[in-house]
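One-letter residues, chain by chain:
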Amino acid sequence: MYSLLIAEDESWTREVLVNAGYWKHCGITRIYEAGNGEDAYDILQNEKVDFLLSDIRMPMMNGLELLSRIRDSHPGMTKVILTGFDDFEYVRTALRLDAHDFLLKPVNDDEMLQLFLRLASQKNENQAQQLRRLAEESKWNLGRQVQREQLLASWFSGRKTDETLIQQHCEELGIDMIKDHFIVILLEVDQLHLLLERYSRRDYELLHYGIRNIAEEYMKESGRKHYLFEIDDRIAVWCEARRDSSGLETLLERIRESIKRFIKVTVSIGISSKHKAECKAFHAYMEALNSLKMKMYFGNDRATFYDQLSIEHHRKLFNRDLQLRLFNYAANGNMEDTGALVEELFDDIRRSRASGQDMEDILQAMSRIVWEIREQEQQTDAGQFTEDWLSKVRLFDTLDEIEQFVLSVFMDAASEGAKLKIQRKSKLIVDVLHFLDDHYMEDVSLQKLAERFYVNASYLSRLFKEEAGEIFTKYLMKLRIDRARHLLQSTHLKVYEVSEAVGYNDVKYFNKIFKDLTGLTPADHRSLSNS
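Residues numbered from 1 in each chain as written. Predicted model: local features only at pLDDT ≥ 70, side-chain atom pairs only at ≥ 80, totals over all residues. Heavy atoms only, no water.

Colleague: Help me out: how do you make sense of empty space enclosed by the protein in this one?
Modeller: One simple way to see leftover space: roll a probe sized like a water molecule over the atoms. Here the structure, examined in full by the defined rule, presents one cavity of 30 Å³ or more. Quantified by volume, the largest cavity comes out at close to 180 Å³. Every element with two or more residues in the lining of the largest cavity is listed here: α10 (281–293), α11 (295–298), α14 (356–373) and α15 (382–393). Partitioning the lining of the largest cavity into residue classes produces eight nonpolar, one polar and seven charged. (1 Å grid on protein atoms, 1.4 Å probe; cavity = no way out; pocket = protein on both sides within 12 Å on 5 of 7 lines; lining within 4 Å. Points joined across faces, edges and corners; volume = space filled by probe spheres on them. Helix = DSSP H or I, 4+ residues; strand = E, 2+ residues; numbered from the N terminus. Nonpolar A, V, L, I, M, F, W, Y, C, P; charged D, E, K, R; others polar.)

Colleague: I tried to follow the packing of aromatic side chains on my own but got confused; where do I start?
Modeller: To describe a pair of aromatic rings, one takes the distance between the centres and the angle between the planes. All chains considered together, the criterion is met by 18 aromatic pairs. When the centroid spacing of 5.0 Å and the interplanar angle of 90 degrees are considered together, the rings of Trp23 and Phe116 count as edge-to-face. Of the two residues, Trp23 is situated in the loop between α1 (11–18) and β2 (28–34) and Phe116 in helix α5 (residues 109–156); the sequence distance between them amounts to 93 residues. Looking at Trp23, the relative accessible area reads 2%, which means it is buried. We classify Phe116 as buried; its relative accessible area is 1%. (Phe/Tyr/Trp six-rings, centres within 6.5 Å; stacked < 30°, edge-to-face > 60°. Buried < 20%, exposed > 50% of the residue type's maximum accessible area, 1.4 Å probe, protein only.)

Colleague: Help me understand the pairing of strand β8 (residues 234–240) in this model?
Modeller: Within a regular strand, the side chains alternate between the two sheet faces. Buried residues dominate β8, accounting for six of its seven residues. Here strand β6 (residues 182–189) pairs with β8 via six bridges, running antiparallel. What sits directly across from Val184, in β8, is Trp238. Looking at chain direction, strand β7 (residues 226–231) and β8 are connected through six bridges and run antiparallel. Directly across from His226, in β8, lies its bridge partner Cys239. Connecting β7 to the antiparallel partner β8 that follows it, the hairpin turn spans two residues, and Asp232 within it adopts a positive phi of roughly 50 degrees. (Pairing = 2+ DSSP bridges.)

Colleague: Help me understand the sheet that holds β6, please; the structure alone is not making it clear to me.
Modeller: Strand order in this open sheet of five strands is β7-β8-β6-β9-β10, and the pairing throughout is mixed. Only two strands of the sheet have a single partner each, and these edge strands are β7 and β10 (303–305). Sheet twist, expressed as the average angle between the axes of neighbouring strands with direction ignored, equals 20 degrees. Most of the contacts of helix α9 (residues 245–262) go to strand β9 (residues 267–271), to which it runs at about 160 degrees, and overall it touches β6, β9 and β10. With respect to the sheet, α10 is in contact with β6, β7, β8, β9 and β10, its orientation differing from that of β6 by roughly 40 degrees. (Axes fitted to C-alpha atoms, helices over the stretch in contact; angles between N-to-C directions. Contact = heavy atoms within 4.5 Å.)

Colleague: What is the right way to look at the environment of Ser3 in this model?
Modeller: Note that Ser3 resides in strand β1 (residues 2–7). For Ser3, a relative accessible area of 0% puts it in the buried group. Along the backbone, Ser3 and Ala153 are 150 residues apart, and their C-alpha atoms lie at a distance of 49 Å. Other than its neighbours up to four places away in sequence, Ser3 contacts Ile28, Arg30, Tyr32, Lys48, Val49, Asp50 and Phe51.

Below, the structure written as structure tokens:
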């Protein structure tokens, strides 16, 4: 455990000390010996020695000279001096030269044992204190590093926006702002859903740790000022930008190749354009994210620069009318039309190369449709359902994979819609009835309703009769007359005014319908109500 150097010019004394049996009780397992100060000094230059037991009087270099030469180079070594009875002035000098204790010759075995037991105990305690201090420092540094990364992740992802507060926290955590132009780099493991099927979460975290270490190593080697942190299972790098972009391309190529070689996975990389002001942090992050998501079209295992993209926003690709059509198809169990509409939408996305943000918006809208269809089954609210949905979709890399996932979800939803339609009114008929409640006085026809709700008129007619209990024209007639009765009872409107208010411009026809359904004329109904 410990090592000891015995420097003694008297060979017989040195031999007795070297072969003494008490050293093992002090934890000393390796013993070196020297017959003079010069030899002792040479040993100390080449070997790790914990204890020095040295005579003062030695040839070539005495003990005091030895202590003087190693005073600064061996501060952690425990030094004990052997001296004669008349050498107390030497002892005083030795103590000034950092000797820890001294023993008078001839040495008593028990005295030697007790001294070194005490010195070994002190060394044990000193080492324990040092380890505790290092552990505390390591824990403090680790906590500080975690805080740095949490701050950077919140800042760049847009969760923290107060620039003054961000700068204050950066100063407190020792983050030196990149004042010159900077870029944001995002690294994402390809085919993450397959890796998570193959590895446990713990194994994946080790793999992710290895990827991060490779990225960190190459970033340090490049000499670029940088900070690494993580956002949503992606490794983010905030680093200074340089004029020569080819150097960055080479650096990222080396990172990808090393990850492929040593970790046996591929990564895709998105790189933002250059920015100068710190307030552009979120903007730069979104550029890198949009660049990264273009692997939907370009494929995996490549670096995509935002400056090289031509991104147009297509926020109307999945407009409200399309959303309503998809909902009605799936909710009513129309699997053929549901599948065709999903495929048509993804063809449009593929053709226009929608940006990553537009895809996120489309997928969010889709998640709300699925949630509404299965609302009665859901154990979570719409927000949580959307987050769970998006977390699954984000595991896929290519647009084909995303399309297959979305298509399977909507086909399942349509299958459920077909089952639920048997048990309750469809969402379509509920929406139609609500619409009639608000628009019964207008020129409403079955054909116009079918066009408004993107369904076939014959299908709507059949479904309406099944679920509302009567044909559409009879239902609308009853609804209008019911509203007319209420107006006759509660207002002073003339009969022709009531007729127009409920959607009948021909008062004679209104009177006939009213009498057919109630057995009274409108005037008689008002008279009876007021009597």
